[in-house]
Amino acid sequence: MPELPEVETVKNGIKKFIGNAVIRSVEVRNRQLRAKIPEDFEQAVSGATVCGYRRRGKYIVMDLNNGNSIVCHLGMSGKLKTTDEPPTAPDKHDHLTIQTSAGCLVYNDPRRFGLFFAAPTTELEKLPCFSKLGKDPFAADFDGEYLFSGCRRRHKAVKPVLLDQSFIAGIGNIYASEILFDAGIRPTRRANSLSRKECSRLAASTRKILQTAVDNGGSSIHDYQQPDGRLGYFQYLHRVYDKTGCTCPDCPFAGQKNGGIRKIVQDGRSTYYCPVKQK
Ligand SMILES: [Zn+2]
């Protein structure tokens, strides 16, 4: 599932390609995504100029000059591809093509868990999917103090707390393990047991890991690719994710004796950590 770095990379990729182009036409081949693409989607966006690109959590928002915004969520397997011309032989999972004056945007989604809709820009924050979103890790006031006050009220383990989108918007399963490893915090620690100092380390690691991932084009696993078809490279920089039994990069000798990187399951999701480094 694309997480914040992948969504940020996709947003930057389409911004670079489409820029402030005019939407000439929209062709929907299949409306049945997680929710149905509304029947009036084509009418709400056609003829408008794209005037801004944003990311809210794992949602991509394209603001238009007609007062509407296009909202897209990539779900589990959604891809936004950029092409000069509309595909002559569309893939069976190419559900939607937006043709603009600068080129085409094609939405491909084999598992169809994604979302595509348009809504008035001024109403976006009132939508249930946005009004419940927590703080973005790249927001200026995302810091140790924010994490500390939120963690104090949560007695679940810190790993699932990092995945709680109503607390922090955008972190998913891969980066939660990487962030906790970087911060030296064990994923099974109760959130309310973290000290102020640990929360400030956690905030710094969150930004550091996510920024490095954005700089590397995200992690190309489960078919993720950038809009121009290039792969992301952050998967080569994963230090614990999917590394069960591997020697810990930060404590090669002590880690070996302990069996290396461990995998556990929390709330049905895999977590990877080093039992030596992470306390
Ligand atoms: Zn280690």
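These lines cover the structure that appears in this document, whether it is placed above or below. Keep in mind the model is a prediction, meaning the values are calculated, not measured.

Definitions and limits used
Residues numbered from 1 in each chain as written. Predicted model: local features only at pLDDT ≥ 70, side-chain atom pairs only at ≥ 80, totals over all residues. Heavy atoms only, no water. Donors = N, O, S within 2.8 Å, 3.2 Å for Na, K, Ca; no water. Buried < 20%, exposed > 50% of the residue type's maximum accessible area, 1.4 Å probe, protein only. Core = buried A, V, L, I, M, F, W, Y, C linked by side-chain atoms within 4.5 Å. Helix = DSSP H or I, 4+ residues; strand = E, 2+ residues; numbered from the N terminus. Lys, Arg positive; Asp, Glu negative; His and termini not counted. Salt bridge = Lys/Arg side-chain N within 4 Å of Asp/Glu carboxyl O. Contact = heavy atoms within 4.5 Å. Pairing = 2+ DSSP bridges.

A few points about the coordination of the zinc ion
Taken together, the protein donors to the zinc ion comprise Cys248 (SG), Cys251 (SG) and Cys274 (SG), at separations of 2.0 to 2.2 Å. Every donor residue of the zinc ion comes from the same chain, spaced as C-x2-C-x22-C. For the residue pair Cys248 and Cys251, the accessibility class agrees, reading buried in each case.

Description of the nonpolar core
One finds Leu147, Leu162, Ile171, Tyr175, Ile179 and Leu202 to be the most contacted residues of the largest nonpolar core, which totals 37 residues. Secondary structure elements with two or more residues in this core: α4 (144-152), α5 (158-162), α6 (173-183) and α7 (196-215). With seven residues, α6 is the single largest residue contributor to this core. One finds Ala21, Leu33, Ile37 and Leu80 within the second-largest nonpolar core, a separate group that totals 29 residues.

Regarding the side chain of Lys159
Structurally, Lys159 is set in helix α5. The charged side chain of Lys159 is buried without a salt bridge, its nearest counter-charge being Asp267 at 8.1 Å. The residues touching Lys159, leaving out its near neighbours within four places in the chain, are Asn173, Ala176, Leu180, Pro187, Gln266, Arg269, Ser270 and Thr271.

What about the pairing of strand β4 (residues 68-73)?
Counting buried residues in β4 gives six out of six residues, a clear majority hidden from the surface. Covered by surrounding structure in β4 are Asn68, Ile70 and Cys72 together with Ser69, Val71 and His73, the residues of both alternating faces. Direction of pairing for strand β3 (residues 59-64) relative to β4: antiparallel, over a ladder of five bridges. By the bridge assignment for β4, Met62 is matched with Ile70. Between β3 and β4, which follow one another and run antiparallel, lie three residues, and Gly67 among them has a positive phi close to 90 degrees. Direction of pairing for β4 relative to strand β8 (residues 115-120): antiparallel, over a ladder of six bridges. Within β8, the position partnered with Asn68 by the bridge is Pro120.

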